Amino acid sequence: MIPHKSQPKLISGNANRTLAQAISRRVSMSRGMTVGLVDARVERFNDQEIFVEVYENVRGEDMFVIQPTSNPANDNLMELLIMADALRRSSSQRITAVIPYFGYARQDRRSKARTPISAKLVANMIAVAGFDRVLTMDLHATQIQGFFDIPVDNLYAAPIFALDIKHNLAKTKDKITVISPDVGGVARARELAKRIGGALAIVDKRREKAGEVAEMTVIGDVEGQTCIIVDDICDTAGTLCKAADVLMEAGAAEVHSYITHGVLSGPAVERITNSSMKSLVITDSIEASKAVRQAANIRIVPTAPMFAQAIMNIWNGTSVSSLFDHESLEAIYEGTY
């Protein structure tokens, strides 16, 4: 049984300090007292080995380590694992990995012979490092939760996106169609469509090889509609921009995209800036680059309110799934929407 401490303890690696500080501020507001990030240093030696030193006493504490495993994925993953080891050896009572973006999630099955299931390997490493539970957002495939032998809370960005759409696209609310960019994302698109009362369509695609799309077909009527493409990850944005073009050719009035994790590598920002998309909305699960922040048609919505409340609920031993209720989320995001 975990002793009830006066407050949860938060610590962050270097992957997304901005988000960690925002979560800290939201937890402080909820607690009515300052809940700052634990004073620690996470740095590299000259040979790039990672070293962690925690300056505060964490014995018997309920620790939450905030660290997405985004680019550079291997460095950020090692920081996460080494922080867990440091906390475990410092006698922390419980250690929760708060991973807003779970890297390696796309390697969740063997697509060809003699290939790894890296997501399972990473799950094993996280458990062995000493974490007692995982808090993440929009796993690429929900069955990845089964790769872990520890509890996993998978938050969803769809409720946040629904609030944003109702606030920013209110004028076209009767002509909104939610688009799944592939057959595998239909469940995610259907959930968002249900929340906003929109129609549903699919862009079916065929890939010749990874990263290249050979052909796209729209399944459903999008003529005169405000189309909202929803997906969990946008990497190079090639598929996304091509899907927007196909929808515009099919008669869509305008195209917006709502993507949980803006990986946005390589030519992604340039492609989006020059695309037919009116806007791309991403979350702050991954630290935005300067190019992303300066792009005219890219907007970032905050996840800190949801993560902060989830951390509070885990610490209190109350329901995390209650955050997906519209009434609960509206209260959490009061002042934002």
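Details of the structure are given in the entry above.
A few points on the structure.

Reading guide: rules and limits
Residues numbered from 1 in each chain as written. Predicted model: local features only at pLDDT ≥ 70, side-chain atom pairs only at ≥ 80, totals over all residues. Heavy atoms only, no water. Helix = DSSP H or I, 4+ residues; strand = E, 2+ residues; numbered from the N terminus. Buried < 20%, exposed > 50% of the residue type's maximum accessible area, 1.4 Å probe, protein only. Polar contact = N/O pair within 3.5 Å; in protein donor to acceptor, adjacent residues only side chain to side chain. Contact = heavy atoms within 4.5 Å. Core = buried A, V, L, I, M, F, W, Y, C linked by side-chain atoms within 4.5 Å. 1 Å grid on protein atoms, 1.4 Å probe; cavity = no way out; pocket = protein on both sides within 12 Å on 5 of 7 lines; lining within 4 Å. Points joined across faces, edges and corners; volume = space filled by probe spheres on them. Nonpolar A, V, L, I, M, F, W, Y, C, P; charged D, E, K, R; others polar.

For Asp232, the location among the structural elements is in strand β11 (residues 226-234). Judged by relative accessible area, which is 2%, Asp232 ranks as buried. Engagement of the side chain of Asp232 in a polar contact is seen with the side chain of His140, the distance being 2.7 Å. If sequence neighbours within four positions are ignored, Asp232 has contacts with Asp138, Leu139, His140, Arg188, Ile259, Thr260 and His261.

For the rest of this paragraph, the subject is the nonpolar core. Formed by 47 residues in total, the largest nonpolar core has its most connected members in Leu10, Ile23, Leu155 and Leu192. Core analysis: the second largest hydrophobic core is formed by 35 residues, Val42, Ile99, Phe147 and Val152 among them.

Let us look at empty space enclosed by the protein. Counted according to the given criterion, the structure contains one cavity of 30 Å³ or more. Residue lining of the largest cavity: Tyr101, Phe102, Ala105, Thr136, Met137, Asp138, Leu139, His140, Asp232, Ile233 and His261, and that is the complete set. Of all the secondary structure elements, the ones that give two or more residues to the lining of the largest cavity are β6 (133-137) and β11. When grouped by side-chain class, the residues that make up the lining of the largest cavity number six nonpolar, three polar and two charged.

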